[in-house]
Amino acid sequence: MATTTFLSNATISITQGATTTDLSDQANTCSVTLGQAALSSTAFGDTGERFVGGLQSVDVAITFYLSYGATEVEAILASCVGTGSTILTISPSGSTESASNPEYFITNCMLANFTPINSTVGELATVEASFTGGTWVRDIV
């Protein structure tokens, strides 16, 4: 049984060039998947495969409410498409890092594409942004 519970309230900032924008109030879902490529280190005489970690892998999926304007979601995501220099800073709850609120700093990730217009009658317009690649660092101080 869980000994603690957590109410999610992620903070999400996107840096493109010299501009950092906090888009926490424009998002409603966020998932970060981290990993490393498995490289075989199996040698002669081993009786099973052995692996070591290779390059880092990162996948970030964020659902944003669409908004339009110079510093709004659509313009920021449009500036990220196809560039491998986007920086994401994401934490589970609030901007103060700690052991119970680690911040993930993801550099050089890329947004391959997004849907700038996604309209349905009677619903809020949302867009799914999937960032991939780059490197990640976990920060707790």
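Residues numbered from 1 in each chain as written. Predicted model: local features only at pLDDT ≥ 70, side-chain atom pairs only at ≥ 80, totals over all residues. Heavy atoms only, no water.

Asks: Tell me what's going on with the side chain of S24, and back it up with residues and numbers.
Replies: Here S24 shows up in the loop between β2 (19-22) and β3 (27-40). Of the polar contacts made by the side chain of S24, one reaches the backbone nitrogen of I12; its length is 2.8 Å. Beyond its immediate sequence surroundings of up to four residues, S24 is in contact with A10, T11 and I12. (Helix = DSSP H or I, 4+ residues; strand = E, 2+ residues; numbered from the N terminus. Polar contact = N/O pair within 3.5 Å; in protein donor to acceptor, adjacent residues only side chain to side chain. Contact = heavy atoms within 4.5 Å.)

Asks: An account of the pairing of strand β6 (residues 103-111) is requested, with residue identities and associated values reported.
Replies: When strand β5 (residues 86-91) meets β6, the two strands line up antiparallel, connected through four bridges. Its bridge partner lying in β6, T89 is registered against F105. Inspection of the sheet shows β6 paired to strand β8 (residues 135-139) by five bridges, in the antiparallel sense. Bridge pairing in β8 places I106 opposite W136. Here two bridges tie β6 to strand β7 (residues 126-132), and the two strands are oriented antiparallel to one another. Opposite L111, over in β7, you have F131 as the bridge partner. (Pairing = 2+ DSSP bridges.)

Asks: Break down the packing of aromatic side chains for me, citing the residues and quoting the values.
Replies: Following the criterion strictly, the structure yields one aromatic pair and no others. With a centroid separation of 6.4 Å and 55 degrees between ring planes, the pair formed by Y104 and W136 is classed as tilted. Of this pair, Y104 sits in strand β6 while W136 is found in strand β8, placing the two residues 32 residues apart along the sequence. Residue class for W136 comes out partly exposed when judged on its relative accessible area of 23%. (Phe/Tyr/Trp six-rings, centres within 6.5 Å; stacked < 30°, edge-to-face > 60°. Buried < 20%, exposed > 50% of the residue type's maximum accessible area, 1.4 Å probe, protein only.)

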